[in-house]
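Architecture at a glance
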Protein chains: 2
Amino acid sequence: MGVALTKLANGIRVVSHRMPHLESIALGLWVGAGARSETSAEHGISHLLEHMAFKGTGRRSARDIAESIEAVGGEMNAETTVDNTTYYVRLLKDDLALGLDVLGDIICDPLLDADELALEQHVVLQEIGAAYDVAEDWVFDLFQEAAYPGQAIGRSVIGTPDSVSAHTRDDLSRFLQRHYCGPGIVVAAAGGLEHEELVQLAETHLGRLPAAAPPDWETGRYQGGESRETRPVKEAQILLGFAGPSYADPTFTAAHLFSAILGGGMASRLFQELREERGLCYSIYSFFWPFSDTGVFGIQAATSEEDIKELVPVVLSELKQMTDGVTEAELQRAKAQLRAGLLMTLESPIARAGQMARHVLIHGRVLSLEETLAKIDAVTTADLAELAARTLASAPTLAAVGPIAHLPSAEEIAAQMVGQRQMAHV
Amino acid sequence: MGVALTKLANGIRVVSHRMPHLESIALGLWVGAGARSETSAEHGISHLLEHMAFKGTGRRSARDIAESIEAVGGEMNAETTVDNTTYYVRLLKDDLALGLDVLGDIICDPLLDADELALEQHVVLQEIGAAYDVAEDWVFDLFQEAAYPGQAIGRSVIGTPDSVSAHTRDDLSRFLQRHYCGPGIVVAAAGGLEHEELVQLAETHLGRLPAAAPPDWETGRYQGGESRETRPVKEAQILLGFAGPSYADPTFTAAHLFSAILGGGMASRLFQELREERGLCYSIYSFFWPFSDTGVFGIQAATSEEDIKELVPVVLSELKQMTDGVTEAELQRAKAQLRAGLLMTLESPIARAGQMARHVLIHGRVLSLEETLAKIDAVTTADLAELAARTLASAPTLAAVGPIAHLPSAEEIAAQMVGQRQMAHV
């Protein structure tokens, strides 16, 4: 398959997939620093540090950083999530060395200049404002906080205006030193490249990062709860969730299949019943978000104030019916979707680099296609019924933004779920 | 290159790019029906018809349509724009025949059932509500209407609640018959496929569409103007635009380079000056939207109510400076971005299918990589200065949503642009 994995002296893992027919490369650094790494005083610092990485280094101004990559037609970006900060570039294959040089420079030697920090804090405040303005995005932050109240894993990645404004140059520098450590970093690349060259370049440009292990995360404990915000928009944005398995859990693959059958596509139960049969919403789907040690399932729906009255009971009824089991045809369809998705991931350098990085972070190696296909094959309808029963017995998480006067509370939903399950077993 | 183009007896053009190393296919039907095709009474009908195509045919229920594609792990979707309705599938390579069967079925033989129509009109009303709620998207509809007032090309794709609710089964059927005609349709596919098989399947499943030419569009005339909506959100969403060239215009490539230099990436003038140097906004970029017969340039900025006061003069100053010319280094960087983007498009079946369809619709053939690269090479800094002068002399289009009390009017902006240009030539 052309996949290779090497550990550098400082603990950085370098993984690649050679795709010799490609002229381009996707290259990224996955750093184990995100909302989960932060104390409450550090809220938002991972994301702010990601911004500051682009604001100049010992060797390059902010303009130099951007120009160096774009002068060869490349693109550069970064993203901070609950458990990772990722810096990535898309380049033509001859520019691999440049890509590692720049990525290494911005994470090993960012200036963190105080004047630049003040400007960038203002940029992030605008980013927070823009995120707040999009109710369909904002509701996800409310959801995560309600699922994991009072925990780092539940805090928003972006931070609050107050928390972001409070971080100083020294705070950023300390956070960088503690969390940007070899053992927590994965370099992943896919495309027209040679692994040996990638490893050498990673050693040259990232070898100076400390070999100390980054601090452990507090284990995430799914709790469930509720977060509501009435807002004068046209559509109510509603998320309803339950506890789900972690990446490492043996039911991980079953959980993906469960979510696909419930709300993973146009043939899924939620789409067919709520949109096709009843016309109650434009957007309806389910999601499964695994983390290294915990996970959540959720359902997203956007609908009008009036339609909430019909939508909620139908959603709860569909959830309940999942505990009665799924059909063999549904399971086979969901398996076909997962299989095809895996094959298509192998054809996209960006998707493949991200998948390999995740595998290395969770499993310490890249799972083979055969191995993943075997896990998919092994899941039965009985596995899904068991997963459904366990999942839907957990405390619900409800988050909603918009005209939500007719939306029941999480407690009422929990009571209805229990009632429906009991009735189903009479 | 493995590219082939065939015209069927009814005028449908079938274009493909064989990528023998891929296990997957991207396949789409580009139909020449969109907002531009509609009379004012038909506003939103292209998009509503796109929705109804999925709601059942003579042979398949809505559920059958979804299940047929998802049972083999495929994905199906559709999109309506100003000038096209596109139906597309992502499939593994053995499922090409299924893909054409289903796509052919839904566009040749949709039931357009009246009960389903009533449900789907309700779904589209929710989609309109959701679109309205996202100010950063909604502002684009205001912009298009202000640039092309009173013309079909300026009307929103999605329609209004009133227009969408008014369309009947007969309206849809008539629109389908007039606009879903062979000469206006392109079938484009890329991935692990054989052209001959694709052509045969297209003949089988789309050969029955009429060979009559669809009605001509009214020529789009860029006019410029203003559309503002005060709304209590945190960020003001601002678009400022000018007349740009069409797809067929000889300055098309120069226009892409102009936009890239002005606001096309992190090294662009707008990003460097407004975000990096001044921290005035999180989101700032420029765009170039060509159509077959007209085009627009624009600048997008999102910023807070207070920061508008500083942002607008700086944006206008940056625009004015474009008429003083760009540096050779800027031009070379923009060229490198366009070249790398072209090479990466050739590696992505979805992007490649879309690019080929556009080429066939505009030029009647697929432009070769060499030909496009030669056009990029030929553009000079003098071309850009000339384009800038012509562009910025056109009447501005201003659209804005949010806390925009401090935003000047389009007239004031036009006056400032003239003033700045005159001063620059003293």
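Residues numbered from 1 in each chain as written. Chains lettered and ligands numbered in written order. Predicted model: local features only at pLDDT ≥ 70, side-chain atom pairs only at ≥ 80, totals over all residues.

1. Side note on the overall build of chain A
The condition is simple: Helix and strand assignments follow DSSP, with helices taken as H or I runs no shorter than four residues and strands as E runs no shorter than two, numbered in order from the N terminus. This radius of gyration counts C-alpha atoms alone. The globule rule is 2.2 Å times how many residues there are, raised to the power 0.38. Buried, partly exposed and exposed are defined by the number of other C-beta atoms within 10 Å of a residue's own C-beta, namely 20 or more, between the two limits, and 12 or fewer respectively, with C-beta atoms placed from the backbone. Contact definition: two residues whose C-beta atoms, as placed from backbone geometry, lie within 7 Å.
Regarding its fold elements, chain A presents 16 helices and eleven strands. Taking 22 Å as the expected radius of gyration for a compact globule of 426 residues, we find that chain A reaches 23 Å, a close match to that expectation. Expressed as lengths along the three principal axes of its C-alpha atoms, the size of chain A is roughly 70 × 50 × 35 Å. Taken across its 426 residues, chain A has 54% of its residues classed as buried. Sequence separation of 24 or more characterises 80% of the internal contacts of chain A that already satisfy a separation of 6 or more.

2. Some remarks on the interface of chain A and chain B
This is how it is decided: Classification convention: Asp, Glu, Lys, Arg as charged; Ala, Val, Leu, Ile, Met, Phe, Trp, Tyr, Cys, Pro as nonpolar; all other residues, Gly among them, as polar.
Taken together, the contact pairs 52 residues of chain A with 52 residues of chain B. Of all elements in the fold, only α2 (62-70), β5 (85-92), α4 (114-133), α10 (269-277), β10 (295-304) and α12 (328-345) of chain A reach the threshold of two or more residues within the side of chain A that touches chain B. The element that contributes the greatest number of residues to the side of chain A that touches chain B is α4(A), accounting for ten residues. Residues of the side of chain A that touches chain B, tallied by class, amount to 23 nonpolar, 14 polar and 15 charged.

3. What about the sheet that holds strand β11 (residues 397-402) of chain B?
All names here are of chain B. Rule in force here: In this description, strands pair whenever DSSP reports at least two bridges between them. What counts as an axis is a line fitted to C-alpha atoms, over the stretch in contact for a helix, and the angles between N-to-C directions run from 0 to 180 degrees.
With mixed pairing, the five strands of this open sheet are ordered in space as β7-β11-β8-β10-β9. What marks the edges here is a single partner per strand, and that holds for β7 (225-230) and β9 (283-290). Between one strand axis and the next, the sheet turns through 15° on average, direction left out of account. Note that strand β8 (residues 235-244) and β11 share five bridges and pair antiparallel. Note that in β11 the partner of Gly241 across the bridge is Thr397. On top of the sheet, helix α10 (residues 269-277) reaches β9 and β10 (295-304); it is set at about 155° to β9, its chief contact.

4. Quick notes on unusual backbone geometry
In this structure, A:Leu112 takes a positive phi of about 55° despite not being glycine. Locating A:Leu112 in the fold gives a position in the loop between α3 (96-108) and α4.

5. Looking at the relation of the copies chain A and chain B
Convention followed: Least squares is the method for superposing the copies, and the C-alpha atoms it fits come from residues with pLDDT of at least 70 in both.
The two copies are related by a screw motion: chain A maps onto chain B through a turn of 180° and a shift of 0.0 Å along the axis, at an RMSD of 0.0 Å. Taken together, the rotation and translation describe the operation of a two-fold axis. Closest approach to the rotation axis among the C-alpha atoms of chain A is made by A:Val134, whose C-alpha sits 2.8 Å away. Both copies contact each other with a shared surface, as 100% of the interface residues of chain A are interface residues in chain B too.

6. Here's the deal with the environment of A:Val360
Residue and element names in this part refer to chain A. Within the secondary structure layout, Val360 lies in helix α13 (residues 349-363). Classification of Val360 as buried rests on a count of 21 C-beta atoms within 10 Å. Sequence-distant contacts of Val360, defined by excluding residues within four places in its chain, comprise Leu5, Arg13, Val15, Val186, Arg365 and Val366.

7. Quick look at the environment of B:Arg178
Residues and elements named next belong to chain B. Here Arg178 lies in helix α7 (residues 169-179). Residue classification places Arg178 among the partly exposed residues on the basis of 15 C-beta atoms within 10 Å. When the C-alpha atoms of Arg178 and Phe291 are compared, they prove to be 21 Å apart, with 113 residues separating the residues in sequence. If we skip the residues at most four places from it in the chain, Arg178 touches Pro214 and Pro215.

8. Here we look at the domain arrangement of chain A
All names here are of chain A. Note the threshold: Domain extents, as shown, originate in an automatic or database domain assignment.
Segmentation of chain A into domains returns domain 1 (3-206) and domain 2 (225-425). Computed over C-alpha atoms only, the centres of domain 1 and domain 2 are separated by 29 Å. Every contact between the two is made by 32 residues of domain 1 and, on the other side, 30 residues of domain 2. Of all the secondary structure elements, the ones that give two or more residues to the side of domain 1 that touches domain 2 are β1 (3-7), β2 (13-18), β3 (24-31), α5 (135-147) and β6 (185-191). Ranked by residues supplied to the side of domain 1 that touches domain 2, first place goes to α5 with ten residues.

9. Some points on the pairing of strand β11 (residues 397-402) of chain A
Residues and elements named next belong to chain A. Counting buried residues along β11, six of its six residues qualify, which places the element largely inside the surrounding structure. Here strand β7 (residues 225-230) runs beside β11; their pairing, made up of six bridges, is parallel. What sits directly across from Arg228, in β11, is Ala400.

10. Quick word on the sheet that holds strand β1 (residues 3-7) of chain B
All names here are of chain B. In space, the six strands of this open sheet follow the order β1-β2-β6-β3-β5-β4, with mixed pairing throughout. One side of each edge strand has no neighbouring strand; the edge strands of this open sheet are β1 and β4 (75-80). Pairs of neighbouring strands in the sheet enclose a mean axial angle of 15°, with direction left out of account. Alignment of β4 against strand β5 (residues 85-92), held across six bridges, turns out to be antiparallel. Bridged to Asn77 within β5 is Tyr88. Lying over the sheet, helix α8 (residues 195-206) contacts β1, β2 (13-18) and β6 (185-191), oriented at roughly 150° with respect to β2.

11. Re α3(A)
Along an α-helix, residues three or four positions apart point the same way, because every turn accommodates 3.6 residues. Going by this rule: Residue count minus one, scaled by 1.5 Å, sets the expected span of a helix.
For α3(A), spanning 13 residues, the distance from its first C-alpha to its last is 18 Å, which sits close to the expected 18 Å at 1.5 Å a residue. In this structure, the buried side of α3(A) is in contact with β3, α1 (45-53), α2, β5 and α8 (195-206) of chain A.

12. Let's talk about the packing of helix α2 (residues 62-70) of chain B against helix α3 (residues 96-108) of chain B
Residues and elements named next belong to chain B. Short version of the rule: To sort the angles, those under 35 degrees are grouped as roughly parallel, those over 145 as roughly antiparallel, those from 65 to 115 as roughly perpendicular, and the leftovers as oblique. Put simply, a crossing is left-handed when the front helix is turned counterclockwise from the back one by less than a right angle, and right-handed when it is turned clockwise.
Contact geometry of α2 with α3 gives a least axis separation of 10 Å together with a crossing angle of 160°. By the angle class used here, α2 and α3 are roughly antiparallel. Of the two possible hands of crossing, α2 and α3 adopt the one that is left-handed. Within the contact between the two elements, α2 uses Ile65, Ser68 and Ile69 and α3 uses Leu98, Val102 and Ile106. Looking at the contact of α2 with α3, its residues break down into five nonpolar, one polar and no charged.

13. Here we look at helix α13 (residues 349-363) of chain B
All names here are of chain B. Over its 15 residues, α13 extends 20 Å from the first C-alpha to the last, a length consistent with the 21 Å expected when each residue adds 1.5 Å. Buried residues of α13: Pro349, Arg352, Ala353, Gln355, Met356, Ala357, His359 and Val360, and no others. Residues of α13 that are buried in the fold lie against β1, β2, β3 (24-31), β6 and α12 (328-345).

14. What to know about the environment of B:His406
All names here are of chain B. Relative to the helices and strands, His406 is located in the loop between β11 and α16 (410-425). On the neighbour-count criterion, His406 (14 C-beta atoms within 10 Å) is partly exposed. Considering only alpha carbons, one finds His406 and Val312, 94 residues apart in sequence, at a separation of 9.5 Å. In this structure, His406 is in contact with Glu305, Ile308 and Lys309, ignoring residues within four places of it in sequence.

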